[in-house]
Amino acid sequence: EKGAYRHFMEKEVHEQPESVQRTLSAYLDPVAKSARADIKAAIDFNSVARIQIIACGTAYYAGCIAKYAFEKVAGLPVDVEVASEFRYRTPAMTPGTLGLAVSQSGETADTLAALRWCKGEGLKTAALVNVHTSTMAREADLMWPTHAGPEIGVASTKAFTAQLAALLSLAVAAAAQRGRIDATEEARLVQCLLETSGLIAEALLMDPDVQRITYELSKARDVIYLGRGAMYPLALEGALKLKEISYIHAEGYAAGELKHGPIALIDENTPVVVIAPDDELFEKTASNVQEVAARGGRVVMITDAPQKVPSLSGDAAKTLKIVKGPTCDPFVAPLVYAVPIQLLAYHTAVHKGTDVDQPRNLAKSVTVE
Ligand code: F6R
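Please read these numbers as outputs of a predicted model, since none were measured by experiment.

What follows deals with the site of the ligand. In the vicinity of the ligand lie 13 residues, with Ser103, Gln104, Ser105, Thr108 and Glu244 positioned nearest. Contact between the ligand and Ser105: an oxygen atom at 2.7 Å from a side-chain N or O atom of the residue. Side-chain polar atom of Thr108 to an oxygen atom of the ligand: 2.5 Å apart, as the coordinates give it. In isolation the ligand offers 400 Å² of accessible surface; the protein chains occlude 89% of this area.

Right, dumping it as structure tokens:
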């Protein structure tokens with residue numbers, strides 16, 4: 001039941017401190033400050049040459065974020081592809097590839113077909129699923145669970161952050177097994193992950209600040225989302241969330257791609273949401289904000305470093321709205337900053353009066369292609 005919440009989506013967004021914690025507990029040992037022994041026993045990432053992630057929609061974006069983590073901390077190459085493309089082309093698979101299906105339901109037709117294709121090629125397969133008895137869970141060699149609990153809202157929220165929690169934990173396990181990090185660094189990353197539940201609770205306190213800017217967003221016809229690094233796929237997820245539940249057209253771009261075309265879209269009627277927690281790319285993203293503001297664009301910047309945003313002069317300053325988020329390690333930032341992105345879509349949709357839990361034309365589980 002929804003309890004005090006207006007929608008299941010709102011309830012599920014607020015459940016994330018617990019759902020992320022539950023999921024982390026399945027992968028991390030809080031006493032040893034390492035990936036759990038049973039997780040490491042089930043797979044040796046030294047025998048994995050490459051990971052091929054296949055997924056759809058929000059699960060695909062979780063996979064794209066995982067690519068940044070696996071390649072950075074574990075030095076393990078990851079490719080990510082939407083299952084509907086993967087299954088109908090003829091992908092060239094290198095030996096030692098792990099086919100990894102990421103799916104809340106474990107039943108999505110395209111993802112299941114892609115998983116079956118990998119099996120047919122003789123690849124080792126894994127399924128990261130929220131429904132542990134699903135077809136993908138049964139058919140893959142290895143089942144990695146998420147513990148989001150039942151997700152009722154059609155737009156995925158807590159399943160997405162549970163996927164990120166599991167995938168980032170697996171990246172730490174892979175890094176340790178492959179000798180990319182020592183025990184001290186493993187302990188540090190595990191500690192970072194174990195603190196995300198508290199940071200997500202902190203991010204939920206952004207709710208009134210986020211809500212305040214959404215009336216204006218709800219009047220827009222188009223919204224642009226920008227991010228760099230792992231914030232780029234989070235920008236894509238933010239745009240998807242807004243489209244799904246508010247029916248406002250939204251697109252996500254890598255912030256560095258702005259000048260290669262999308263900047264032509266910038267005008268005073270097209271709000272730009274910039275996801276920019278403080279990390280090694282912050283200055284670059286901040287300069288993109290200036291480019292947008294200089295063209296009269298209205299910017300909503302979600303960051304923990306407002307003091308580092310270069311001050312804008314004149315009219316440009318008036319169009320910049322900053323929503324302050326929690327300070328966190330860049331490794332876990334996608335998990336924490338998923339929250340304001342979800343709240344932004346939610347409150348915008350509430351202003352528009354759309355059916356948040358049952359958006360038009362969408363089904364929770366897409367078991368036909
Ligand atoms: C977006 C959303 C969809 C699903 C996609 C995959 O909010 O819910 O994009 O993520 O249909 O579904 P699963 O994860 O069940 O394979």
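Scanning the model with the defined rule gives 22 salt bridges in all. Between Lys11 and Glu15 there is a salt bridge, and its shortest N-O distance comes to 3.0 Å. Given a relative accessible area of 22%, Lys11 falls into the partly exposed group. As a salt-bridge pair, Lys67 and Glu71 come within 3.3 Å of each other at their nearest N and O atoms. Within this pair, Lys67 and its partner Glu71 are both found in helix α4 (residues 57-74), separated by four residues, close to a single helical turn. Accessibility expressed as a relative area gives 28% for Lys67, which makes it partly exposed. Relative accessible area serves as the criterion here: at 33%, Glu71 is assigned to the partly exposed category. Residues joined by salt bridges that share partners form a network here, namely Lys11, Glu15 and Lys158.

Right, let's get into the nonpolar core. The biggest cluster of nonpolar side chains holds 98 residues, and the ones touching the most others in it are Phe45, Ile51, Phe70, Trp144 and Tyr225. Looking at which element gives the most residues to this core, the answer is helix α8 (residues 158-177), with 13 residues. Beyond its immediate chain neighbours, meaning those up to four positions away, Trp144 contacts Tyr27, Ile43, Phe45, Leu98, Leu100, Ala126, Ala127, Leu128, Val129 and Leu170. Grouped together as the second largest cluster of nonpolar side chains are 20 residues, Ile224, Val292, Val309 and Leu320 included.

Burial of strand β5 (residues 97-103) is extensive: seven of the seven residues sit out of reach of the surface. The alternating pattern of β5 places Thr97, Gly99, Ala101 and Ser103 and Leu98, Leu100 and Val102 on opposite faces, both of which are buried. Taken together, the six bridges between β5 and strand β6 (residues 124-129) define a ladder with parallel strand orientation. Note that in β6 the partner of Leu100 across the bridge is Ala126. As a crossover connection, the stretch from β5 through helix α6 (residues 109-120) into β6 is right-handed.

To continue, consider the sheet that holds strand β7 (residues 142-145). Strand order in the open sheet formed by five strands is β4-β3-β5-β6-β7, with parallel pairing between adjacent strands. The open sheet terminates on both sides in strands that have one partner only, identified here as β4 (78-82) and β7. In this sheet, adjacent strand axes meet at a mean angle of 20 degrees when their direction is disregarded. Pairing of strand β3 (residues 50-55) with β5 involves five bridges; the strand directions are parallel. Residue pairing across strands places Gln52 opposite Gly99, the latter belonging to β5. α4 rests against β3, β4 and β5 of the sheet, and its axis sits at about 170 degrees to β4.

This paragraph deals with the packing of helix α2 (residues 16-25) against helix α10 (residues 196-204). Across the interface, α2 lies against α10 with an axial gap of 8 Å and an inter-helix angle of 165 degrees. Classified by the angle between their axes, α2 and α10 sit roughly antiparallel to one another. In this structure, α2 meets α10 at a crossing whose hand is right-handed. Of the residues in α10, those touching α2 at Gln16, Pro17, Val20, Gln21 and Leu24 are Thr196, Ser197, Ile200, Ala201 and Leu204. In terms of residue class, the contact of α2 with α10 is built from six nonpolar, four polar and no charged.

Taken together, the five strands give an open sheet; going across it, the order is β9-β8-β10-β11-β12, and neighbouring strands pair in parallel fashion. Every interior strand has two partners, whereas the edge strands, β9 (249-254) and β12 (320-324), have only one. Direction aside, the axes of adjacent strands within the sheet are offset by 20 degrees on average. With four bridges joining them, strand β10 (residues 272-275) and strand β11 (residues 299-303) adopt parallel strand pairing. Residue pairing across strands places Ile275 opposite Ile302, the latter belonging to β11. Across the sheet, helix α13 (residues 282-294) touches β8 (222-227), β10, β11 and β12, and the angle it forms with β11 is around 165 degrees.

Taking 1.5 Å as the rise per residue, helix α15 (residues 333-352) with 20 residues should run 28 Å; its terminal C-alpha atoms sit 29 Å apart, in good agreement. With 17 of its 20 residues buried, α15 lies for the most part within the structure. Positive phi shows up at Gly353, right after α15, with a value of about 75 degrees.

The rules we used
Residues numbered from 1 in each chain as written. Predicted model: local features only at pLDDT ≥ 70, side-chain atom pairs only at ≥ 80, totals over all residues. Heavy atoms only, no water. Near = heavy atom within 4 Å. Polar contact = N/O pair within 3.5 Å; in protein donor to acceptor, adjacent residues only side chain to side chain. Areas by Shrake-Rupley, 256 points an atom, 1.4 Å probe, with all protein chains shown as cover. Salt bridge = Lys/Arg side-chain N within 4 Å of Asp/Glu carboxyl O. Buried < 20%, exposed > 50% of the residue type's maximum accessible area, 1.4 Å probe, protein only. Helix = DSSP H or I, 4+ residues; strand = E, 2+ residues; numbered from the N terminus. Core = buried A, V, L, I, M, F, W, Y, C linked by side-chain atoms within 4.5 Å. Contact = heavy atoms within 4.5 Å. Pairing = 2+ DSSP bridges. Right-handed = clockwise from strand over helix to strand, strands pointing away. Axes fitted to C-alpha atoms, helices over the stretch in contact; angles between N-to-C directions. Parallel < 35°, antiparallel > 145°, perpendicular 65-115°, else oblique. Left-handed = near helix turned anticlockwise from the far one by under 90°. Nonpolar A, V, L, I, M, F, W, Y, C, P; charged D, E, K, R; others polar. Expected span 1.5 Å × (residues − 1).

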